[in-house]
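Each chain is listed here by its residues.
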Amino acid sequence: MLLDIEHLKNKYEISCSGVAHIGAHFGQEISEYNKLLKEKNELTSHIDYLNNIIKNYSSEKVSKNKEQDLILLKYKKELEEKNNLLKILKNRIDYLTELIKKYMTENNKYFEDNIVLSKQIDTLKLYIEDYDNKKKNLQKVLSSCKNIKNNLDKDKDDENQKNISSYKKDIENVNEIIEDLKEEIKLLKDKSVFISFCQ
């Protein structure tokens, strides 16, 4: 769970000097990172504005009264608070930057592996399609041989029997190859699902 530091700081009037990071989801870190960058820009503008006011007050040659001194002191105090807050924001932004870089670096390998596995699966699908077509053709040839066999005299059909036997062996070989390819695809899909689950 990512704590809303700004909300807690305002609600409980906390003056903190740092933030501890324990876990958190990558998406939460990105949204916090973007929010803090926006706050940092707004805070920097406010600090620049305060610096200009203090500079103008300090450089005036008009005699200063207590009221002007109090105003100047108020601006200096506010400037100090804003500078402290800016340091905290910068530290948190730096930390989130490193965390996001680390996440991207560590997960880049899984993205690349997933792409390679997807290509391998596509290639295996092509092989299976090719072997399925070969199997269909061999089954047609086998069917044709069976028809011829039925039409010929069994005693004179030694050559056809050899052809049928050869075709059966070819079909069995193709079936074995197809089963092997299907097993490889299953393994690659399992690996791909595991990698997707790890991401």
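Here is what the cut-offs are and how they apply
Residues numbered from 1 in each chain as written. Predicted model: local features only at pLDDT ≥ 70, side-chain atom pairs only at ≥ 80, totals over all residues. Heavy atoms only, no water. Helix = DSSP H or I, 4+ residues; strand = E, 2+ residues; numbered from the N terminus. Buried < 20%, exposed > 50% of the residue type's maximum accessible area, 1.4 Å probe, protein only. Contact = heavy atoms within 4.5 Å. Areas by Shrake-Rupley, 256 points an atom, 1.4 Å probe, with all protein chains shown as cover. Patch = residues over 30% accessible without salt bridge, like charges linked within 9 Å, V, L, I, M, F, W, Y side chains within 5 Å. Salt bridge = Lys/Arg side-chain N within 4 Å of Asp/Glu carboxyl O. Lys, Arg positive; Asp, Glu negative; His and termini not counted. Charge placed at Lys NZ, Arg CZ, Asp CG, Glu CD. Core = buried A, V, L, I, M, F, W, Y, C linked by side-chain atoms within 4.5 Å. pLDDT = per-residue confidence, 0-100.

1. Considering the overall build of the chain
Summing up its helical and strand segments, the chain has 4 helices and 0 strands in all. For the chain, the α and β elements follow one another from N to C terminus as α-α-α-α. Relative to its full complement of 199 residues, the chain shows a buried share of 21%. In the chain, 78% of the contacts between residues at least 6 apart in sequence involve partners at least 24 apart. Carbon and sulfur atoms form 52% of the exposed surface of the chain, whose accessible area is close to 15100 Å².

2. Comments concerning a negative patch on the surface
Together, Glu172, Glu176, Glu179, Asp180, Glu183, Glu184 and Asp190 line one region of the surface with negative charge. Among the structural elements, Asp180 can be located in helix α4 (residues 158–198).

3. Some words on the pattern of salt bridges
Under the defined criterion, the tally for this structure stands at 2 salt bridges. Across the salt bridge formed by Glu98 and Lys101, the nearest N and O atoms sit 3.9 Å from each other. With a gap of 3 residues between them, Glu98 and Lys101 both fall in helix α3 (residues 66–151), about one helical turn apart. A salt bridge links Lys134 to Asp130, with the nearest nitrogen and oxygen atoms 3.7 Å apart. With Lys134 and Asp130 both in helix α3 and 4 residues apart, this pair spans about one turn of that helix.

4. Considering the nonpolar core
Of all hydrophobic cores here, the largest spans 15 residues; its most connected members are Leu124, Tyr131, Val174, Leu181 and Leu188. Here the element with the most residues in this core is α3; it accounts for 8 residues. Not counting residues within four places of it along the chain, the set of residues in contact with Val174 comprises Tyr131, Lys135 and Leu138. Core analysis: the second largest hydrophobic core is formed by 11 residues, Ile47, Ile54, Leu79 and Leu89 among them.

5. Looking at the confidence of the model for the chain
Averaged over the chain, the pLDDT score is 77; the fraction of residues at 70 or greater is 75%. Here helix α1 (residues 5–12) stands out as the element of the chain with the lowest mean pLDDT, 66, in contrast to α3, whose mean of 82 is the highest.

6. Structural notes on the environment of Asp170
Topologically, Asp170 is positioned in helix α4. When the C-alpha atoms of Asp170 and Gln139 are compared, they prove to be 9.8 Å apart, with 31 residues separating the residues in sequence.

7. A few points about the environment of Ile53
Mapped onto the secondary structure, Ile53 falls in helix α2 (residues 26–59). Taking the relative accessible area as the measure of exposure, Ile53 reaches 13% and is therefore buried. Counting along the chain gives 23 residues from Ile53 to Lys76, while the straight-line C-alpha distance between them is 9.6 Å.

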